[in-house]
Amino acid sequence: MTDAASQPPLVLFNSLTRRVEPFVPVHPGEARVYSCGPTVYNYPHIGNMRAYVFADVLGRTLSFRGYRLTHVINITDVGHLTDDADAGEDKMERMAAAQQQSIWDIAEHYKQAYWADVRALNIRQPAQWTVATDYVPQMIDFARGIADKHCYELPSGLYFDVSTVADYGRLARAATDDEGEGRIEAVEGKRHAADFAIWRKTPPGETRQMEWDSPWGRGAPGWHLECSVMSGAVLGFPFDIHTGGIDHREIHHPNEIAQNQAHCCSGDLSDPANSGARLWMHNNFLVERSGKMSKSSGEFLRLQLLIDKGYHPLAYRMMCLQAHYRSELEFSWDGLAAALTRLKRLVMAVSALKAQTAPAQGWGPRFAPYLDRFGAAVSDDLNTPVALTVLEEVAALKKVDPAEKLAAIAAMDAVLGLDLLALDRTALRLRPAAAAISEAAIEDVLARRKEARAAKDFAASDALRDELAAQDVEVMDGDPLGWDWRLG
Ligand code: AMP
Ligand code: ZN
């Protein structure tokens, strides 16, 4: 799909201006996007993964609109403190101490776990994963370049003075004075409560597992510095879009913006490009009322937990797509089950088409209005809830060419990423980790039950059904999707 004149403009909500704005690329025909990636000190929870599903849908939409996409996601393996401001310990150091492992091993393990979730959710690989510890020399150079005019040194590190740039905190819409909401003066000697460390010195007499020499002594970079450096190094300032979860709108991104202004673009933020990126986009949170989202709560909501309970990970992607990315999304197991059913319905429709034919090269006039409506929905600040309903309308169309229909569905799925052409019933049926009975044994009991029913021996049929129920198998007679049974 190209950005033809007939299409409505692609508009996106810019957190910096709090307005929906047309997307105008910095480099014609291109889209350069940076997404704040995970801090790899623990497994991601499914809320974290909502941030990457959102960034993926954004990237896929830009591709659908014909832009050549360069997407960068970072991996933070140093510098993120337990508090987003300057308080607390380094999350990585703390986990390494708790698990008695090296930070490098911790980072490797959780990076791989994060990548497994990325693959399971059918999130496309970005052009580049930037790993923070690979960029420390560039971080030191960046800090050196802005230190004289914008920073001051304290015994604990090099601090950025937020009064040295225009419009500090505009992204957060927070007061810029020292009473700014949520700012706690954690470090003695800071000039303003919102000032933040761009280099953290290792305290005398201590050794950190990760530390580097710098003009300000041995130590480690601040978390905000990392993203400024990696985004600018790979994409160049200004680039098009910077993404993250809505929590980053308050501290992390305002601080990145301040550094970017100091580094490259001294003007104020009435021109958003001075922030380093033209658009700042934020996904709202996935929330869970009982507190299972928090990583400090023993069994928190990891994607693997959903899989262990027998939910295909793409049911979670479906759940994300059903909500607009700027709305809060409440997680519930019932909601997840409903999303799985919706996914099953689409997969069954596509499987029936695939049994007849392969996708055509394109589609005729019968499908064009649907593609237009689909394109208009995703171009309207990524309105995936509406786009999904258009896809379902196409899936339900009768008496149309099946090959064209498959091609139209494939084009829509290239944006939504539900992997509809590859999935089938067997792939969707995940075995709960706790299940003791095998699929073959279930099918065997069901075959005997069918015989009993054919012989009108309903007592035997009921007994076989109870036998399955005792092993957590629900028999689904007359399921409209032909699902027959469900485990767990
Ligand atoms: P972190 O690894 O803590 O830096 O978080 C990774 C990403 O997940 C960031 O973009 C966060 O803003 C985002 N995030 C954190 N919690 C949630 C949540 N409950 N729902 C959606 N996004 C979240
Ligand atoms: Zn970041």
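Criteria and thresholds
- Think of each chain on its own: its residues are numbered from 1, step by step along the sequence as written.
- Chains and ligands are labelled sequentially in the order written, the chains with letters from A and the ligands with numbers from 1.
- Owing to the predicted nature of the model, reporting of local features is limited to residues with pLDDT of at least 70; listing and counting of side-chain atom pairs is limited to 80 or more, with chain, interface and lining totals taken over all residues.
- To obtain the side-chain values, all non-hydrogen atoms of the structure were included, while hydrogens and water were left out.
- Secondary structure follows DSSP: runs of H or I at least 4 residues long count as helices, runs of E at least 2 residues long count as strands, and numbering of each begins at the N terminus.
- Note on method: radius of gyration uses C-alpha positions; expected globular size equals 2.2 Å times residues raised to 0.38.
- Exposure is judged per residue with a 1.4 Å probe applied to protein chains only, and the accessible area is read against the type maximum: over 50% gives exposed, under 20% gives buried, and values in between give partly exposed.
- Two residues qualify as a contact provided that any one of their heavy atoms is within 4.5 Å of a heavy atom in the partner residue.
- Strand pairing is assigned whenever DSSP identifies at least 2 bridges connecting the two strands.
- All axes here are fitted lines through C-alpha atoms, helices being fitted over the stretch that makes contact, and every angle between N-to-C directions spans 0 to 180 degrees.
- As a rule, N, O and S atoms within 2.8 Å of a metal are its donors, except that Na, K and Ca use 3.2 Å; water is not among the atoms, so sites may look incomplete.
- The nonpolar core is taken to be a set of buried Ala, Val, Leu, Ile, Met, Phe, Trp, Tyr and Cys residues, with the residues joined through side-chain atoms within 4.5 Å.
- Here a polar contact is taken to be a pair of N or O atoms separated by no more than 3.5 Å, where protein atoms must pair a possible hydrogen donor with a possible acceptor and residues adjacent in sequence count only if both atoms sit in side chains.
- Any residue with a non-hydrogen atom lying within 4 Å of a molecule or strand is treated as near it.
- Accessibility throughout is a Shrake-Rupley quantity obtained with a 1.4 Å probe, and a residue counts as covered only by protein chains that appear here.
- Residues were grouped as follows: Ala, Val, Leu, Ile, Met, Phe, Trp, Tyr, Cys and Pro as nonpolar; Asp, Glu, Lys and Arg as charged; and all remaining residues, including Gly, as polar.
- We define a salt bridge as a side-chain nitrogen of Lys or Arg found within 4 Å of a carboxyl oxygen belonging to Asp or Glu.
- For every residue, the pLDDT score states the predictor's confidence, bounded by 0 at the bottom and 100 at the top.
- Each domain's limits were defined by an automated method or a database of domain assignments.

A. Spatial organisation of the overall build of the protein chain. Of the regular secondary structure elements, the protein chain holds 15 helices and 15 strands. Its C-alpha atoms give the protein chain a radius of gyration of 26 Å, within 12% of the compact-globule value 23 Å for 488 residues. If you line up the protein chain on its principal axes, its C-alpha atoms span 90 × 55 × 35 Å. Burial analysis of the protein chain (488 residues in total) assigns 55% to the buried set. Long-range contacts, defined here as pairs at least 24 residues apart, represent 75% of the contacts in the protein chain between residues at least 6 apart.

B. Quick peek at the sheet that holds strand E8 (residues 196-201). Here four strands make up an open sheet; going across it, the order is E6-E7-E8-E9 and the pairing antiparallel. The open sheet has two free edges, formed respectively by strand E6 (151-154) and strand E9 (219-221), since each of these has just one partner strand. Averaged over all adjacent pairs, the angle separating strand axes in this sheet is 25°, with direction ignored. Pairing between strand E7 (residues 157-160) and E8: four bridges, direction antiparallel.

C. Summary view of the coordination of the zinc ion (ligand 2). Ligation of the zinc ion (ligand 2) by protein atoms is provided by Cys36 (SG), Cys227 (SG) and His252 (NE2), these donors lying 2.1 Å from the ion. One chain supplies every donor to the zinc ion (ligand 2), and in sequence these donors are spaced C-x190-C-x24-H. Separated by 216 residues along the polypeptide, Cys36 in the loop between strand E3 (30-35) and helix H1 (46-64) and His252 in helix H6 (residues 252-263) bring together distant segments of the chain.

D. Structural view of the nonpolar core. By size, the foremost hydrophobic cluster in this structure holds 120 residues, and its most contacted members are Phe160 and Tyr316. The element best represented in this core is helix H9 (residues 333-356), accounting for nine residues. Each residue touching Phe160, except ones within four places of it in the same chain, is listed here: Ile146, His150, Cys151, Tyr152, Val165, Asp195, Phe196, Ile198, Ala258, Gln259 and Ala262. Leu12, Leu58, Ile241 and Leu279 belong to the second largest nonpolar core, which has 15 residues in total.

E. The side chain of Asn284, seen in detail. Assignment of secondary structure puts Asn284 in the loop between strand E11 (277-283) and strand E12 (286-287). A distance of 3.1 Å separates the side chain of Asn284 from the backbone oxygen of Arg326, its partner in a polar contact. Not counting the four nearest positions on each side in its chain, Asn284 is found in contact with Arg50, Ile246, Tyr325, Arg326, Ser327 and Glu328.

F. The arrangement of the site of ligand 1 in detail. Neighbouring ligand 1 are 17 residues; Thr39, Gly47, Gly245, Asp247 and Leu286 lie closest to it. Gly47 places a main-chain nitrogen or oxygen 3.0 Å from a nitrogen atom of ligand 1. Protein contacts shield 93% of the accessible area of ligand 1, which totals 490 Å² for the unbound molecule. Within the residue set of the shell around ligand 1, elements represented by two or more residues are H1 and strand E10 (239-245). For the shell around ligand 1, the leading source of residues is H1, giving four residues. For the shell around ligand 1, a count of residues per class yields five nonpolar, eleven polar and one charged.

G. Region of interest: the pattern of salt bridges. Scanning the entire structure with this criterion turns up 24 salt bridges. A salt bridge links Arg326 to Asp381, with the nearest nitrogen and oxygen atoms 2.9 Å apart. Placement of Arg326 in the loop between helix H8 (313-322) and strand E13 (329-330) and of Asp381 in the loop between helix H10 (368-379) and helix H11 (384-396) is noted, with a sequence separation of 55 residues between them. The class of Arg326 is partly exposed, set by a relative accessible area of 34%. Judged by its relative accessible area of 2%, Asp381 falls in the buried class. Arg448 is paired through a salt bridge with Asp444; the nearest N and O atoms lie 3.9 Å apart. Here Asp444 and Arg448 lie together in helix H14 (residues 439-454), a separation of four residues that amounts to about one turn. Look at Arg448 and you get partly exposed, because its relative accessible area is 39%.

H. Representation of the confidence of the model for the protein chain in the model. This prediction gives the protein chain a mean pLDDT of 92; 95% of its residues lie at or above 70. Note on residues 176-183: pLDDT under 50 across the span, and ten contacts to partners over four residues away in sequence or across chains.

I. Inspection of the environment of Tyr43 at higher detail. Its place among the elements puts Tyr43 in the loop between E3 and H1. Sequence-wise, Tyr43 and Gln304 are 261 residues apart; in three dimensions their C-alpha atoms are separated by 9.8 Å. Those residues in contact with Tyr43 that sit more than four places away from it in its chain are His109, Tyr110, Ala113, Lys295, Phe300 and Arg302. A polar side-chain atom of Tyr43 sits 2.9 Å from a polar atom in the side chain of His109.

J. Layout of unusual backbone geometry. In this structure, Pro238 follows Phe237 across a cis peptide bond, with omega equal to -15°. Notably, Arg18 is not glycine yet its phi reads approximately 55°, a positive angle. Of note, Arg18 is situated in the loop between strand E1 (11-14) and strand E2 (19-22). The exposure class assigned to Arg18 is partly exposed, which follows from its relative accessible area of 25%.

K. Region of the structure containing the domain arrangement of the protein chain. Looking at the assigned domains, one finds that the protein chain contains domain 1 (4-287), domain 2 (311-426) and domain 3 (434-487). Each of domain 1 and domain 3 has a C-alpha centre, and these two points are 53 Å apart.

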